[in-house]
Amino acid sequence: MDKEYLVSQLMKMAQQFKTDIDAETLGRIVNMSVFRAVEKGDIFQHIGDETKNAGLVLSGIARCYYVDKDGNDITRGFSIKGTLCMDEGLFGYNESLCEWEALEETTLMIFSAEKMKKLIFENERLKNAYILLLENALRYKIYRENGFLVENATERYIHFRKLYPEICSGAAQRHIATYLGIAPESLSRIRKALKEKE
């Protein structure tokens with residue numbers, strides 16, 4: 001991939017997420033990264049894998065999921081363009097807590113979690129972007145917990161659809177259902193009822 005093109009794309013993503021990172025810093029990140037195209041359905045990180053690397057989704061959709069004692073997979077979250085994936089190493093975990101799967105053809109920018117953390121703490125703008133990332137992750141966690149505590153399944157789906165329309169169109173219904181904590185059949189009924197109201 002062309003470095004200038006990648007830097008310009010990363011600049012657009014940074015602006016979209018309201019972070020102020022200069023082209024020189026983004027160029028350093030590109031230089032320390034490798035790029036990987038992952039086919040739809042491929043698992044690109046497994047539970048228990050070392051978390052030396054983290055990634056940024058440049059295109060496509062990925063999901064992370066747990067496997068319960070009965071072998072069922074339960075979606076923990078989704079990663080879309082401009083968001084992190086395989087990010088446990090950035091948050092102090094030595095092993096992956098979940099499986100990471102491409103839900104469509106997905107392009108990843110993969111970098112050393114250790115080197116990235118070092119770069120973050122050397123660069124004020126990158127540090128500010130990292131703080132914003134952590135704040136967003138915490139806000140998302142609170143939002144999700146709140147949904148399970150005070151919203152019914154229909155309300156959770158409506159909020160999810162509003163926040164993540166691209167996931168609703170790119171992810172299988174069963175994956176969205178497990179993310180929302182409901183059975184796929186229940187989500188099907190909810191979607192049908194909402195469609196009849198619209």
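Cut-off values and rules
Residues numbered from 1 in each chain as written. Predicted model: local features only at pLDDT ≥ 70, side-chain atom pairs only at ≥ 80, totals over all residues. Heavy atoms only, no water. Axes fitted to C-alpha atoms, helices over the stretch in contact; angles between N-to-C directions. Helix = DSSP H or I, 4+ residues; strand = E, 2+ residues; numbered from the N terminus. Parallel < 35°, antiparallel > 145°, perpendicular 65-115°, else oblique. Contact = heavy atoms within 4.5 Å. Nonpolar A, V, L, I, M, F, W, Y, C, P; charged D, E, K, R; others polar. Buried < 20%, exposed > 50% of the residue type's maximum accessible area, 1.4 Å probe, protein only. Pairing = 2+ DSSP bridges.

Colleague: Which residues make up the packing of helix H4 (residues 124–150) against helix H5 (residues 153–163), and what values do they have?
Modeller: With their axes 9 Å apart at the nearest point, H4 and H5 run at an angle of 155° to one another. Regarding the angle of H4 to H5, the classification is roughly antiparallel. Residues Tyr-143, Gly-147, Phe-148 and Val-150 of H4 touch H5, and the partners they reach there are Glu-155, Arg-156, His-159, Phe-160 and Leu-163. Here the contact of H4 with H5 is composed, by residue class, of 5 nonpolar, 2 polar and 2 charged.

Colleague: Could you give me a rundown of the side chain of Thr-25, with the residues and numbers involved?
Modeller: Of note, Thr-25 is situated in helix H2 (residues 23–31). According to the relative accessible area criterion, Thr-25 is buried, its value standing at 4%. Residues contacting Thr-25, with those up to four places away along its chain left out, are Asn-123 and Leu-126.

Colleague: Provide a residue-level description of the sheet that holds strand E6 (residues 84–85), including the pertinent values.
Modeller: Spatial strand order, E1-E8-E3-E6: 4 strands in an open sheet with antiparallel pairing. Bordering the open sheet on either side are strand E1 (33–38) and E6, each of which pairs with just one other strand. Two elements, strand E3 (residues 53–59) and E6, share 2 bridges in a ladder whose sense is antiparallel. The residue of E6 that forms the bridge with Leu-56 is Leu-84. Relative to the sheet, helix H3 (residues 113–122) contacts E3 and strand E8 (106–112), its axis offset from that of E8 by approximately 70°.

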